[in-house]
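Observations on the model geometry
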Amino acid sequence: MDTPDGSPVLRIGELSRRLGVSEHVLRAWESRYGLLQPVRSAGGFRLYSEADESRIRRMQAHLARGLSAAEAARAVLGEDNGAGHGRAAGPHRAAPAASELPGALRQALDAFDEPAAQAALDRLMSDLSVTTVLRDVVLPYLTELGERWESGTASIAQEHFASNLIRGRLAGLARGWGNGHGPRAVLACPPGELHDLALMVFGIMLNRNGWRIDYLGMNTPVEELTKTVDARHPDLVVLAATLPENLEPHATQLTALAQRSQLALAGAGATPQIAGAVGARLLTGDPVTEAENIQWPR
Ligand code: B12
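I will try to describe carefully the structure that is included in this document.

Parameters at a glance
Residues numbered from 1 in each chain as written. Predicted model: local features only at pLDDT ≥ 70, side-chain atom pairs only at ≥ 80, totals over all residues. Heavy atoms only, no water. Near = heavy atom within 4 Å. Polar contact = N/O pair within 3.5 Å; in protein donor to acceptor, adjacent residues only side chain to side chain. Helix = DSSP H or I, 4+ residues; strand = E, 2+ residues; numbered from the N terminus. Nonpolar A, V, L, I, M, F, W, Y, C, P; charged D, E, K, R; others polar. Domains from an automatic or database assignment. Buried < 20%, exposed > 50% of the residue type's maximum accessible area, 1.4 Å probe, protein only. Pairing = 2+ DSSP bridges. Right-handed = clockwise from strand over helix to strand, strands pointing away. Expected span 1.5 Å × (residues − 1).

**Details of the site of the ligand**
The environment of the ligand is formed by 31 residues, the closest being Gly192, Leu194, His195, Asp196 and Asp286. Here a nitrogen atom of the ligand sits 2.7 Å away from a polar atom, N or O, in the main chain of glycine 192. Separating an oxygen atom of the ligand from a backbone N or O atom of leucine 197 is a distance of 3.3 Å. Looking at the shell around the ligand, the elements that each hand over two or more residues are α7 (130-151), α8 (156-174), α9 (197-208), β5 (236-240) and α13 (287-293). Top contributing element to the shell around the ligand by residue count: α7, with 6 residues. Here the shell around the ligand is composed, by residue class, of 15 nonpolar, 9 polar and 7 charged. Each of two domains, domain 2 (97-173) and domain 3 (177-293), supplies a minimum of three residues to the shell around the ligand.

**Brief notes about the pairing of β5**
Side-chain direction in a regular strand flips from residue to residue, so the side chains alternate between the two faces of the sheet. Burial runs high along β5: 5 of the 5 residues are buried. Alternating positions in β5 separate into two faces, Leu236, Val238 and Ala240 on one and Val237 and Leu239 on the other, with burial throughout. By the bridge criterion, 4 bridges tie strand β3 (residues 184-188) to β5 in an arrangement that is parallel. What sits directly across from alanine 185, in β5, is leucine 236. Inspection of the sheet shows β5 paired to strand β6 (residues 263-266) by 4 bridges, in the parallel sense. Bridge assignment links valine 237 to a residue of β6, and that residue is leucine 263. The β-α-β motif built from β5, the intervening helix α11 (residues 251-260) and the parallel element β6 has right-handed crossover chirality.

**Overview of α9**
Over its 12 residues, α9 extends 17 Å from the first C-alpha to the last, a length consistent with the 16 Å expected when each residue adds 1.5 Å. Where burial is concerned, most of α9 is hidden: 9 out of the 12 residues are buried. The complete set of buried residues in α9 reads Leu197, Leu199, Met200, Val201, Phe202, Gly203, Ile204, Met205 and Leu206. Looking one or two residues beyond α9, the residue adopting positive phi is glycine 210, at roughly 105°.

Here it is as structure tokens:
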């Protein structure tokens, strides 16, 4: 079968095999960025054209050059429009202002301009989904901030100002995450660990998938975590650490904890060695993706 412009059509499985991109990711790029524009078969299946395949190949090339997913998608759609492929702006089209907003956010945060930073975040939140803002703007921004801090191009004050402002916004998104009837997750950082922003992002996304969150946050004594697990009977416990030295001294207690509840370790400090030693699952991906991949208990 052919599309109206005469190009051959593919089912999603075939497209996925040709491109080496999972069906899950292809669907996400379709719904999030409008990169795929399938036609429907008589039986209602989505059918993809060579133009769709070309857009995904260009998306892959942009990602390989280091663009974020949102930037890469915008570049691909911009190329199509520039080349006269002119597609109508649909509901999935990335908002034009969105790609400039991360720059505006960075500038505002660097200048200690709280109202401008909040306004940039407000606009990002209204133009894009929470998932996209967290995964494609907030997390990359934090990583870049750390690199600038390390290289001396961002001061400690700028880093503190920015991370506190972002933490406030995350706390807003987290509000009510203990409500509901879904499975329960206890989230904490081990003693000495103050990096909890990624853990908050993980909790926000997990809650959006129906989980209830008991958030203990940074610097939690392992005995307290264990008591909480005994009292709350969570379906999952996630401990996040950026620094391995904050997990290693607690291996014995964590081994006992992993026998009481499903335990997962995450963050740069969670090594395969420590996870293997204590019998915990290791979450190696970013917090948004890992939260999307956590299955509900049966
Ligand atoms: C904000 C920040 C702080 C804030 C934290 C505020 C808060 N409430 O979290 C404050 C000011 C407290 C802080 C303090 C310090 N920090 Co700091 N900090 C950062 C910064 C800029 C962002 C951290 C962050 O949230 N990143 C976002 C996450 C998503 O990125 P990531 O950590 O790379 O995580 C990846 C994965 O590991 C995974 N992941 C991480 N956590 C989790 C959790 C879950 C559940 C999942 C699924 C996945 C996951 O997702 C990411 C991939 O997408 C980073 C820079 C950076 N590169 O991250 C430095 C950074 C982490 N800090 C660093 C350092 C050195 C420190 C200090 C030791 C500085 C000092 N001398 O005092 C202290 C230590 C504090 C402590 N005892 O914990 C170093 C760590 C280097 C190292 N590995 O040894 C970094 C990398 C900066 C740098 N480039 O040097 N910091």
